[in-house]
Amino acid sequence: VIIGGYMATAINDFIQGIIMLFGIVAVIFAVLNKNGGLMQSIEKIATNEGYEYTSIFGPNPFFLLVVVLLTSLGTWGLPQMIGKFYAISNESAIRKGTFISTVFAVVVAGGCYFLGGFGRLFVSPEQVAQKGFDSIVPTVLSGLSPIIIAVVIVLVLAASMSTLSSLVLTSASTLTLDVVAPAATNKMSEKKKIFILRLFIVFFIVLSAVIAILKDTIWKDFVFIAQMMGVSWGALAGAFLAPFLFGLYWKKATTPGIIASML
């Protein structure tokens, strides 16, 4: 991101996306195989003590719906997601991008939901209460083969790095072009803008590392990654979804209206 800019990030994301597609499929097969296949895994969940398995949507379908809405519609309002579509070259590429994005989302997001349901076979409610939600997936994976665990590590790194690169690029460019450059007394050259942008990228990457380290040391008893993701996605999507949507499809959308919507 620092050296190669947007195109380097886009190519990186493409490679990481392929890793994520194959990785999630491999993990699902490994987890199901551990419990004797799909049907036996479902039967084990139905008879598992401590959990209430009532239907395919689980005991709390409303909460599941809220999570699906957050992770599905929420992406419409995430600047790092929207920003990628500004680089599309033509109309035909938009149609291809729509199809590819949908297939990718169904496989990866659908695979995550599907895999999450079978976490009940590996972790008891007491363990979740004691160690937190972030302990479920590591516990699920701990009993799998070293090859699958290696695939998962690469998968998690690919997902984390693609998100981080998009976030820092969007954040740094927004601050540089919309805050620092307009506030400067003299007109800034392109070279200076790029230099400041790179400094912001370094700052945000370091900040992310610091948060991760604190999460694993000082904050480990009261901060969950899933909760942080929910709050950040909810805040960002809540602020940006309406401005993006109405800005595109409603001619009466105005700057004061968008500010009011975000507030």
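The structure this text deals with has already been given above.
Since the model is a prediction, treat every value here as computed from it, not as a measurement. Every chain's residues receive numbers from 1 upward, in the order its sequence appears when written. Selection of residues for local features in this predicted model requires a pLDDT of at least 70, selection of side-chain atom pairs for listing and counting requires 80 or more, and totals for whole chains, interfaces and linings are taken over all residues. Here the side-chain values reflect all heavy atoms present in the structure, with hydrogen atoms and water set aside.

Colleague: Looking at this structure, I do not really get the environment of L164. What am I missing?
Modeller: By definition, any uninterrupted DSSP run of H or I lasting at least four residues is a helix, any uninterrupted run of E lasting at least two residues is a strand, and each is numbered from the N terminus. Residue position: L164 is located in helix α8 (residues 146-183). Between buried and exposed lies partly exposed: a residue is buried under 20% and exposed over 50% of the maximum accessible area for its type, with that area taken using a 1.4 Å probe on protein chains only. Here L164 falls in the partly exposed class, since its relative accessible area comes to 30%. In sequence terms L164 and F14 are 150 residues apart; their C-alpha atoms lie 14 Å from each other.

Colleague: Looking at this structure, I do not really get the side chain of S162. What am I missing?
Modeller: Mapping S162 onto the fold places it in helix α8. Classification of S162 as buried rests on a relative accessible area of 11%. For S162, the contacting residues outside a window of four places in its chain are D13, Q16 and M20. Contacts between residues were defined by any pair of non-hydrogen atoms, one from each residue, lying within 4.5 Å.

Colleague: Mind showing me how you'd approach the nonpolar core here?
Modeller: Nonpolar side chains in soluble globular proteins generally cluster together in the buried interior. Residues belong to a common nonpolar core when they are buried Ala, Val, Leu, Ile, Met, Phe, Trp, Tyr or Cys residues joined through side-chain atoms within 4.5 Å. Membership of the largest hydrophobic core comes to 18 residues, with the highest contact counts inside it found for V27, V31, L144 and I148. Those elements that place two or more of their residues in this core are α1 (5-34), α5 (91-117), α7 (136-142) and α8. The element that contributes the greatest number of residues to this core is α1, accounting for seven residues. Not counting the four nearest positions on each side in its chain, V31 is found in contact with L115, F118, F122, V140 and L144. Of all hydrophobic cores here, the second largest spans six residues; its members include V168, A172, L197 and I201.

Colleague: I tried to follow a nonpolar patch on the surface on my own but got confused; where do I start?
Modeller: A patch consists of residues exposed above 30% relative accessible area that lack any salt bridge, with like charges linked at up to 9 Å and nonpolar side chains (Val, Leu, Ile, Met, Phe, Trp, Tyr) linked at up to 5 Å. To measure how exposed things are, a 1.4 Å probe is used in the Shrake-Rupley method; for residues, cover is taken only from the protein chains shown. Take a side-chain nitrogen of Lys or Arg and a carboxyl oxygen of Asp or Glu: if they are within 4 Å of each other, that pair is a salt bridge. Together, F62, F63, L65, V66, L69, L73, W76, L245, F246, L248, Y249 and W250 make up a nonpolar patch on the protein surface, roughly 1,300 Å² of accessible area in all. Looking at the nonpolar patch, the elements that each hand over two or more residues are α3 (61-72) and α10 (225-249). If you tally residues by element for the nonpolar patch, the top one is α3, at five residues. Tracing the backbone shows W250 in the loop between α10 and α11 (255-262).

Colleague: Just checking my understanding: could you explain the pattern of salt bridges for this structure?
Modeller: One pass over the structure, following the stated rule, counts one salt bridge. Residue E190 pairs with K193 through a salt bridge whose shortest N-O separation is 3.7 Å. Placement of the pair is E190 and K193 together in helix α9 (residues 190-216), with a separation of three residues, close to one helical turn.

Colleague: Would you mind going over the packing of aromatic side chains with me for this structure?
Modeller: Each pair of aromatic rings is reported with the distance of its centres and the angle of its planes. Here a Phe, Tyr or Trp ring, Trp counted by its six-membered ring, pairs with any other such ring whose centre lies within 6.5 Å, and the pair is stacked when the planes are under 30 degrees apart, edge-to-face when over 60, and tilted otherwise. Using the criterion set out here, one finds six aromatic pairs in the structure. Put simply, the rings of F200, F203 and F204 touch in pairs and so form one group of aromatic residues.

Colleague: Which parts of the structure should I look at to understand the side chain of S41?
Modeller: Examined against the element boundaries, S41 turns out to sit in helix α2 (residues 38-46). Engagement of the side chain of S41 in a polar contact is seen with the backbone oxygen of G37, the distance being 2.6 Å. We call two N or O atoms a polar contact when they sit within 3.5 Å, provided that within protein one can donate a hydrogen and the other can accept it, with sequence-adjacent residues counted only if both atoms are side-chain atoms.

Colleague: It is not clear to me how α9 should be interpreted in this structure. Could you clarify?
Modeller: Every α-helical turn comprises 3.6 residues, leaving residues that sit three or four positions apart pointing alike. The terminal C-alpha atoms of α9, which comprises 27 residues, lie 39 Å apart, in line with the 39 Å expected from a rise of 1.5 Å per residue. Of all the residues in α9, the buried ones are K193, I196, L197, I201, F204 and K215. Expected helix span is computed as 1.5 Å times (number of residues minus one).

Colleague: Would you mind going over the packing of α1 against α8 with me for this structure?
Modeller: Angle between the axes and distance between the axes are the two parameters that describe a pair of packed helices. Here an angle of 0 to 180 degrees is reported between the N-to-C directions of two axes, which are lines fitted to C-alpha atoms, with helices fitted over the stretch in contact. With their axes 8 Å apart at the nearest point, α1 and α8 run at an angle of 145° to one another. Regarding α1 and α8, the two cross each other, and that crossing is left-handed. The segment α1 lies against α8, with Y6, T9, D13, Q16, I19, M20, G23, I24, A26, V27 and A30 engaging I148, V151, V152, V154, L155, A158, A159, M161, S162, S165, S166 and L169. In terms of residue class, the contact of α1 with α8 is made up of 16 nonpolar, six polar and one charged. Definitions for this section: a left-handed crossing has its near helix turned counterclockwise from the far helix by less than a right angle. A right-handed crossing has that turn clockwise. Three classes are used: nonpolar for Ala, Val, Leu, Ile, Met, Phe, Trp, Tyr, Cys and Pro, charged for Asp, Glu, Lys and Arg, and polar for all others, with Gly counted as polar.

Colleague: Just checking my understanding: could you explain the packing of α1 against α5 for this structure?
Modeller: Packing of α1 against α5 leaves a shortest axis separation of 10 Å and a crossing angle of 30°. Put simply, α1 runs roughly parallel to α5. At the point where α1 passes α5, the crossing takes the left-handed sense. Residues G17, M20, L21, I24, V25, V27, I28, V31 and L32 of α1 form the contact with α5, whose participating residues are F104, V107, V108, G111, C112, F114 and L115. Its residues assigned to classes, the contact of α1 with α5 shows 14 nonpolar, two polar and no charged. By definition in this entry, angles of less than 35 degrees are roughly parallel, angles greater than 145 are roughly antiparallel, angles of 65 to 115 are roughly perpendicular, and the rest are oblique.

Colleague: What should I look at first to understand the environment of L141 in this one?
Modeller: As for its position among the elements, L141 is in helix α7. Sequence separation between L141 and V27 is 114 residues; the distance between their C-alpha atoms is 8.6 Å.

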